[in-house]
Amino acid sequence: MAEKALKTSVFTFEGTDRKGGKVKGELSGANTALVKAQLRKQGINPIKVRKKGISLLSTGKKVTPLDIALFTRQMATMMGSGVPLLQSFDIISEGFDKPSMRKLVDDIKQEVAAGNSLANSLRKHPRYFDDLYCNLVDAGEQSGALEALLDRVATYKEKTESLKAKIKKAMTYPIAVIVVAVIVSAILLIKVVPQFQSVFSSFGAELPAFTQMVIALSEVLQKWWFFVLVALFAFAFALREMHRRSQNFRDSVDRGILKLPIIGNIVYNSAVARYARTLSTTFAAGVPLVEALDSVAGATGNVVFRNAVNKIKQDVSSGTQLNFSMRTTGVFPSMAVQMAAIGEESGSLDAMLDKVANYYEEQVDNAVDNLTTLMEPIIMAVLGVLVGGLIVAMYLPIFQLGNVVG
């Protein structure tokens, strides 16, 4: 019953202040009566108080990693300002527009209010808070440095999500170009080419081979466009399911991406940055190196690095230095290895790894910017070849006819 009484919801209210002016807004509370009491304490005479409903448009808004990063940063800020933990949850909850995020924050608050630690409360939501996140918060609570750990976790989440966004941008741009080029070409083949075809039928002369090929492709698309579309969707769905269900397929994709020109280098540098960032954060939190490497393996996001980190863990467990083990994997760049060696010698491994992470994150940032600049002329070239090629194929017979008449 006590747990039920603690459960809060968001209410909308309308009322009048002490001067008789109309006011409205939102307030969290356990029930309507308590919300009205809170309003009266603030000098507001409540006229309407209703529980806030969830609109149809907002129900699909899922909690994203960026939301979790923002939640962590706000928690760190509240703790640093000396705001009590339970009150921090109320303030943060009211700051989110997403009902799903408000519910998550309120659920965590109920767990903490019931006597659970923050780390254990977060562990009840593994979909949003992974083992690394919970272990770091747990280390902060155990050491009495929760504020500092939350700040470090917030920085980690922000840097990680920023890096993911850059990688997504690098991967999305060329795919978008290809999709646009295919759509434009399909529209020309299905809608424009048949108009020229009706004109060519009155020529009575043999059409150039290039024009015949384009017309044949147009006829196929006009007749079978629906089956082609279904086949493309089926192929995309099959790839997605294989990626979701087959570990071997995912591993093959990871290895293949690293071998791609330009994009492979971006993914490689991002994996190094995530390795260094995660290991720096966990090691600085007081997590033993061997245990920290467990979290690092999954955070790199690529099977090549995951296997390398697992090997490093085995080597470190048997007494090998981290930098030597990193070198023997043949995966990590020499700069990262040398910085790790300096960190181990000087006793500042976390600081050195943090510098490595910053360096490679900057490399990814520059590479994505360069890729964006490089893609602009490539877009023009691809669209020019596809669209221009179709137009030339259509006008070639007209040019030839003009030469014959001349």
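Starting from 1, residues in each chain are numbered consecutively following that chain's sequence as written. Confidence filtering applies because this is a predicted model: local features only for residues at pLDDT of at least 70, side-chain atom pairs given and counted only at 80 or more, and all residues used for totals across whole chains, interfaces and linings. Where side-chain values are given, they derive from all heavy atoms of the structure, hydrogens and water being excluded.

Trainee: Explanation requested: the overall build of the protein in the structure shown.
Mentor: Here a helix means four or more residues in a row that DSSP labels H or I, a strand means two or more in a row labelled E, and each is numbered from the N terminus. Regarding its fold elements, the protein presents 16 helices and 3 strands. Seen through its principal axes, the protein has C-alpha atoms that stretch 95 × 70 × 35 Å. With a 1.4 Å probe rolled over the protein chains alone, any residue whose accessible area is under 20% of its type maximum counts as buried; one over 50% counts as exposed, and the rest are partly exposed. A burial count over the protein gives 39% of its 406 residues as buried. By definition in these notes, contact holds between two residues if any of their heavy atoms fall within 4.5 Å. Long-range contacts, defined here as pairs at least 24 residues apart, represent 61% of the contacts in the protein between residues at least 6 apart. Charge assignment in this entry is limited to Lys and Arg as positive and Asp and Glu as negative, and neither His nor the chain termini are counted. Throughout, a charge is located at the NZ atom of Lys, the CZ atom of Arg, the CG atom of Asp or the CD atom of Glu. In the protein, 45 positive and 36 negative side-chain charges are present, and the distance between their average locations comes to 8 Å.

Trainee: Is there a simple way to explain a nonpolar patch on the surface in this structure?
Mentor: Within this analysis, patches are made of residues with over 30% relative accessible area and no salt bridge. Like charges are joined at 9 Å or less; nonpolar side chains (Val, Leu, Ile, Met, Phe, Trp, Tyr) at 5 Å or less. For the accessible areas, the method is Shrake-Rupley and the probe is 1.4 Å, while residue cover comes only from the protein chains on display. Definition used for salt bridges: Asp or Glu carboxyl oxygen within 4 Å of a side-chain nitrogen of Lys or Arg. Together, V220, W224, W225, F226, F227, V228, L229, V230, L232 and F233 make up an exposed nonpolar region whose accessible area comes to about 1000 Å². Within the secondary structure, F226 sits in helix 9 (residues 209–245). Under the relative-accessibility criterion, F226 is labelled partly exposed at 49%.

Trainee: Just checking my understanding: could you explain the pattern of salt bridges for this structure?
Mentor: Close approach of charged atoms allows side chains of opposite charge to pair. Counted under the stated rule, the structure contains 13 salt bridges. A salt bridge links D151 to R73; the shortest N-O distance between them is 2.7 Å. Taken together, the positions of D151 in helix 8 (residues 146–200) and R73 in helix 3 (residues 65–80) put the pair 78 residues apart, joining distant regions of the chain. A relative accessible area of 37% places D151 in the partly exposed class. Using a relative accessible area of 22% as the deciding quantity, one classes R73 as partly exposed. As a salt-bridge pair, D90 and K109 come within 2.9 Å of each other at their nearest N and O atoms. Taken together, the residues D90 in helix 4 (residues 85–95) and K109 in helix 5 (residues 99–113) connect sequence positions 19 residues apart. In the salt-bridge network here, residues are joined through shared partners; they are R73, D151 and E158.

Trainee: Would you take a moment to explain the confidence of the model for the protein for this structure?
Mentor: Put simply, the protein has an average pLDDT of 81, and 93% of its residues get 70 or more. As a per-residue measure, pLDDT tells how confident the predictor is, with possible values from 0 to 100. Per-element confidence in the protein ranges from a low mean pLDDT of 42 for helix 1 (residues 2–6) to a high of 92 for helix 15 (residues 334–346).

Trainee: What should I look at first to understand helix 14 (residues 322–329) in this one?
Mentor: Working note: α-helix, 3.6 residues per turn, so residues spaced by three or four point in the same direction. Listed as buried for helix 14 are L322, N323, S325, M326 and T329. Seen end-on, helix 14 carries its buried residues on one side only, within an arc spanning 160 degrees. Directly after helix 14, the chain includes G330, whose backbone phi takes a positive value near 70 degrees. Picture the helix axis, draw a direction to every C-beta atom, and the arc is the one those directions span.

Trainee: I tried to follow the packing of aromatic side chains on my own but got confused; where do I start?
Mentor: Geometry of an aromatic ring pair is reported as the spacing of the ring centres plus the angle between the planes. When the centres of two rings from Phe, Tyr and Trp lie within 6.5 Å, Trp using its six-membered ring, the rings pair. Their planes under 30 degrees apart give stacked, over 60 give edge-to-face, and anything left gives tilted. A full pass over the atoms with the stated rule returns 8 aromatic pairs. Pairing Y275 with F332 gives two aromatic rings, centres 4.5 Å apart and planes at 45 degrees, and the pair type is tilted. Here Y275, found in helix 11 (residues 263–284), pairs with F332, found in the loop between helix 14 and helix 15; they are 57 residues apart in sequence, far enough to count as distant. Here F332 falls in the buried class, since its relative accessible area comes to 9%. Pairwise contacts between aromatic rings join Y268, Y275, F305 and F332 into one cluster.

Trainee: Explain the nonpolar core here, please?
Mentor: As a rule of thumb, soluble globular proteins bury nonpolar side chains together. The set of buried Ala, Val, Leu, Ile, Met, Phe, Trp, Tyr and Cys residues whose side-chain atoms join them within 4.5 Å is what this entry labels a nonpolar core. In terms of nonpolar packing, the biggest core is built from 76 residues, with F71 and F332 touching the most fellow members. Here this core gets 12 residues from one element, more than from any other, and that element is helix 16 (residues 349–405). Not counting residues within four places of it along the chain, the set of residues in contact with F71 comprises F89, I92, F96, M101, V105, I108, F129 and Y133. Judged by nonpolar contacts, the second largest core, of 13 residues, contains L189, F200, V214 and A393.

Trainee: So what exactly am I meant to see when it comes to the environment of K168 here?
Mentor: Along the chain, K168 turns up in helix 8. A relative accessible area of 59% places K168 in the exposed class. When the C-alpha positions of K168 and A299 are compared, they lie 16 Å apart, and in sequence the two are 131 residues distant.

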